Amino acid sequence: SLYSIFTVLFMYLTSKSTAQTTDCLHLREQCINAANGCESVWNVAEDICNISVLGNRCKAEDTIGCNKITQVLAYEYPEFKNCVCTTDDFCRITTLLGKQCSTDKDTISMEAKLQWSLSALTKQAYTANRTCLDVNKECVEDEVCNKQLSLYLRVCSVNKKCNMEECQAAIRFFYQNMPFEVAQMMTFCDCPQPDESCHRAKDLLHGKPCAVTAVPPLSCLDVIHMCEENELCRKKYKSFHSNCWRHVTKKCYNDEACLETLIKGDLPCSANAACKAAYISNWGTMLHMECICHNLPPTEQSLCKLFQHMLHSKSCFS
């Protein structure tokens, strides 16, 4: 009968939905136990989505942020891609965690608020000569930006024991969540030399010390080699190379013997919008970490200094 067909169909869809939720929860367990950085992104997701450790329940007040961090999770760890839907901007958390996760009913108005708020902040991005203190103050005064900044600072706080990987995941989320003009304004802000409060604001915006300062410090060669071994970082490095340093990519990409023959003057940087976006995308990865060269033998110094110049010299953008 028609009733029987509907009953079977309903049972099939319900069981499929339950199976998908179970699979996703299993993936979550794998993510937490993996040693590939997935746990760090998951921990940031727990913080943003307000997931309780007891009972694995969440009440996501910031549903926009919560949905976005699940997108980041699926982008950085593609095994999760079937756990978040792409057809509806407001269903990603519930698809990932099933009935365990409740969302508030004001999501659509929050989305509108997010767009309006950040567009207002974007307009300010075109005002010249603003310091990192100005930029920090404007973000704090903007409700949406402040909420994102507060999460990032909570994860990266110097008042608690720093977890570098979690802090880096929070920075990636923060800068990916900002419109390009706002992210650019924050990334390239600077300070007059004697202004201590401005330099403190700059350190906060730029992830120092938690996300960028390793103890003991790494050599720039170590940073590049570590990045090459990490899939997410390797993709970002390739994009950075192709968008900013095409001359190097064309002539010597990944050939260290060839790179050693180059000098800084051989490195014209494109410095266009695509290059700036690729540079900002490096933030929250090991490519953003401070690195040194003076601890290396003389034979490796020139190559190390070349990488240091490519990763950290903002002369490309000035």
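- As named in an unreviewed UniProt entry, the protein chain is GFRAL protein, taken from Hemiprocne comata.
- Within the UniProt record for the protein chain, the comment given under Subcellular location (unreviewed entry) is "Cell membrane".
- Under Sequence similarities (unreviewed entry), UniProt gives the following word-for-word description of the protein chain: "Belongs to the GDNFR family."

## Focus: the overall build of the protein chain
Logical step 1: The helix and strand tally for the protein chain stands at 16 helices and 4 strands.
Logical step 2: For the protein chain, the share of sequence-separated contacts (at least 6 apart) that also reach a separation of at least 24 residues comes to 70%.
Logical step 3: When the accessible surface of the protein chain is totalled, it reaches about 16,700 Å², and 56% of it is carbon and sulfur.

## Focus: the pattern of salt bridges
Logical step 1: Scanning the model with the defined rule gives 5 salt bridges in all.
Logical step 2: Notably, a salt bridge pairs Glu 138 with Arg 130, separated by 2.9 Å at the nearest N-O pair.
Logical step 3: With its nearest N and O atoms 3.8 Å apart, the salt bridge here joins Lys 208 to Glu 290. Taken together, the positions of Lys 208 in the loop between helix H10 (196–205) and strand E3 (218–219) and Glu 290 in the loop between helix H15 (273–281) and strand E4 (291–292) put the pair 82 residues apart, joining distant regions of the chain.
Logical step 4: The exposure class assigned to Lys 208 is partly exposed, which follows from its relative accessible area of 36%.

## Observations regarding unusual backbone geometry
Logical step 1: Following Lys 208, the chain continues into Pro 209 via a peptide bond in cis, with omega recorded as -5 degrees.
Logical step 2: As for its placement among the helices and strands, Pro 209 is situated in the loop between H10 and E3.
Logical step 3: Cis geometry marks the peptide bond from Val 215 to Pro 216; its omega dihedral reads -5 degrees.
Logical step 4: Of note, Pro 216 is situated in the loop between H10 and E3.

Reading guide: rules and limits
- Note on numbering: residues in each chain are counted from 1, in written sequence order.
- The predicted nature of this model means local features are confined to residues of pLDDT at least 70 and side-chain atom pairs, given and counted, to a pLDDT of 80 or more, with totals for whole chains, interfaces and linings taken over all residues.
- To obtain the side-chain values, all non-hydrogen atoms of the structure were used and water was disregarded.
- UniProt positions are given in the numbering used here, feature names are shortened, and annotations may be inferred rather than shown by experiment.
- Numbering of helices and strands starts at the N terminus; helices are DSSP runs of H or I of at least 4 residues and strands are runs of E of at least 2.
- Any two residues whose heavy atoms approach within 4.5 Å at even a single point are treated as in contact.
- Using a 1.4 Å probe, the Shrake-Rupley method yields the accessible areas, and only the shown protein chains count as cover for residues.
- Salt bridge, as used here, is a side-chain nitrogen of Lys or Arg placed within 4 Å of a carboxyl oxygen of Asp or Glu.
- Using a 1.4 Å probe on the protein chains alone, a residue whose accessible area is under 20% of its type maximum counts as buried, one over 50% counts as exposed, and one in between counts as partly exposed.

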